[in-house]
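Overview (structure and organization)
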Amino acid sequence: MTAPVFLADAALLRTGTVVLDGPEGRHAVSVRRLGPGEEVVLTDGAGTGAFGSVVAAHGKDRLEVEVAEVRTEPEPGVRVTVVQALPKGDRGELAVEMMTETGVDAVVPWQAARAITRWKAERGEKALAKWRATAREAGKQARRLRFPRVSEPASGKEVAALLAGADFAGVLHEEGSEPLATAQLPAEGSVVLVVGPEGGVSPEELALFEEAGARPYRLGPSVLRTSTAGTAALSVLLARSGRWG
């Protein structure tokens, strides 16, 4: 079984004996019930991981670990950002979870014109916090050392600016003339892909994004939910970019 991953302060990412405590230590000791000899990985979520084994568990929330090796994972040559329109209910968290497990590098919440869900004031802050917590937990579940960044919600103009600065910019659209599976991807650099809401990307938004350099692409003959389209598209991009080679 692959060693479980725990989020840790940078100070613990060193060889020798370290102690994991707090919520992560409690999860390791009281929930996972890890014992001496079992392997674990501690990470800062930014690409560095400390690989070691459990020496002892103390109380309910302190795990003593002997770190044998520290490795830093380089950033991928092709970085993929998905601009995710706000779905209804908890489908946003589902989208973030699946995209994180698949390998997305960054997620940008987008308040699309046709999106039913609206993030306002305290409700928006709580929703963003849930997306970020979901990305963190899914990153650990997927045994990642580099967790995706979930940015502040973006407006249409901010999304257009992001697209304009990308090495590859695309918008998933059912009327796209070119399949994403045959799109010409860069050998390295940034890829930004927009996933629209349940009601689709409005003509005005599509025109704005096309002006920024983004082309419309289709995934296939069927129309996917906004909460699953990003994961399907991400799978295509990662396979074709060599990330899954």
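Residues numbered from 1 in each chain as written. Predicted model: local features only at pLDDT ≥ 70, side-chain atom pairs only at ≥ 80, totals over all residues. Heavy atoms only, no water.

Positive phi is not limited to glycine here, since Ala 121 has a value of about 45°. For Ala 121, the position within the fold is in helix H3 (residues 121–141). Relative accessible area serves as the criterion here: at 65%, Ala 121 is assigned to the exposed category. Positive phi outside glycine occurs at Arg 143, with the angle close to 60°. On the secondary structure map, Arg 143 appears in the loop between H3 and strand E8 (149–150). (Helix = DSSP H or I, 4+ residues; strand = E, 2+ residues; numbered from the N terminus. Buried < 20%, exposed > 50% of the residue type's maximum accessible area, 1.4 Å probe, protein only.)

Further remarks concern the domain arrangement of the protein. For the protein, the assigned domains are domain 1 (5–72) and domain 2 (78–241). In this complex, domain 1 contributes twelve residues to the contact, which on the side of domain 2 involves seven residues. Together domain 1 and domain 2 conceal approximately 800 Å² of surface at their shared face, both sides included; 61% is due to carbon and sulfur atoms. For domain 1, the biggest contributors to the area lost against domain 2 are Val 5, Leu 7 and Gly 45; these three give 52% of the whole. When the shortest N-O distance is used, the salt bridge between Glu 24 and Lys 140 registers 2.8 Å. There are six residue pairs in polar contact (both at pLDDT 80 or more) connecting domain 1 and domain 2. Among the residues making up the side of domain 1 that touches domain 2, the classes are represented as five nonpolar, five polar and two charged. (Domains from an automatic or database assignment. Contact = heavy atoms within 4.5 Å. Buried area = accessible area lost by both parts, 1.4 Å probe. Salt bridge = Lys/Arg side-chain N within 4 Å of Asp/Glu carboxyl O. Polar contact = N/O pair within 3.5 Å; in protein donor to acceptor, adjacent residues only side chain to side chain. Nonpolar A, V, L, I, M, F, W, Y, C, P; charged D, E, K, R; others polar.)

This paragraph deals with the packing of aromatic side chains. Under the criterion given, the structure shown has three aromatic pairs. Ring centres of Phe 168 and Tyr 217 lie 5.4 Å apart, and the angle between their planes is 35°; this geometry places the pair in the tilted category. Pair noted here: Phe 168 is in strand E9 (residues 168–172) and Tyr 217 is in strand E12 (residues 215–218), with a separation of 49 residues, a long-range link. Here Arg 71 stacks its cationic end above the ring of Phe 51, 3.9 Å away from the centre of that ring. (Phe/Tyr/Trp six-rings, centres within 6.5 Å; stacked < 30°, edge-to-face > 60°. Lys NZ or Arg CZ within 6 Å of the ring centre and 35° of its normal.)

Here we come to the environment of Glu 152. Its location among the elements puts Glu 152 in the loop between E8 and helix H4 (156–164). Counting along the chain gives 132 residues from Glu 152 to Leu 20, while the straight-line C-alpha distance between them is 30 Å. With sequence-adjacent residues up to four places away left out, Glu 152 is seen in contact with Val 108, Pro 109, Leu 128 and Arg 132.

Attention now goes to the UniProt feature "domain: Ribosomal RNA small subunit methyltransferase E PUA-like" (unreviewed entry) in the protein. Within this numbering scheme, the UniProt entry marks residues 20–67 as carrying the feature "domain: Ribosomal RNA small subunit methyltransferase E PUA-like" (unreviewed entry). The annotated region residues 20–67 carries 21% helix and 48% strand content, and the separation between its end C-alpha atoms amounts to 11 Å. (UniProt positions renumbered as here; feature names shortened; annotations may be inferred.)

Right, let's get into the sheet that holds strand E11 (residues 189–195). Across the sheet, seven strands lie side by side as E8-E7-E6-E11-E9-E12-E10; this open sheet has parallel pairing. A single partner strand is all that each edge strand has here, and the edge strands are E8 and strand E10 (178–179). Inspection of the sheet shows strand E7 (residues 106–110) paired to E8 by two bridges, in the parallel sense. Paired with Ala 106 across the strands is Arg 149, a residue of E8. (Pairing = 2+ DSSP bridges.)

To continue, consider the pairing of strand E6 (residues 78–85). Taken across its eight residues, E6 has seven buried, putting it largely inside the fold. Relative to E11, E6 is paired through seven bridges, and the arrangement is parallel. Within E11, the position partnered with Thr 81 by the bridge is Val 192. Traced from E6 through helix H2 (residues 91–102) to E7, the parallel crossover comes out right-handed. (Right-handed = clockwise from strand over helix to strand, strands pointing away.)

It is worth spelling out the packing of H2 against helix H6 (residues 226–241) at this point. The N-to-C vectors of H2 and H6 enclose an angle of 15°; their axes lie 8 Å apart at closest approach. On the basis of the axis angle, H2 is roughly parallel to H6. Relative to H6, the crossing made by H2 is right-handed. On H6, the residues touching Arg 91, Leu 94, Ala 95, Met 98, Met 99 and Thr 102 of H2 are Ser 227, Thr 228, Gly 230, Thr 231, Leu 234, Ser 235 and Leu 238. When the residues that make up the contact of H2 with H6 are grouped by side-chain class, the tally is six nonpolar, six polar and one charged. (Axes fitted to C-alpha atoms, helices over the stretch in contact; angles between N-to-C directions. Parallel < 35°, antiparallel > 145°, perpendicular 65-115°, else oblique. Left-handed = near helix turned anticlockwise from the far one by under 90°.)

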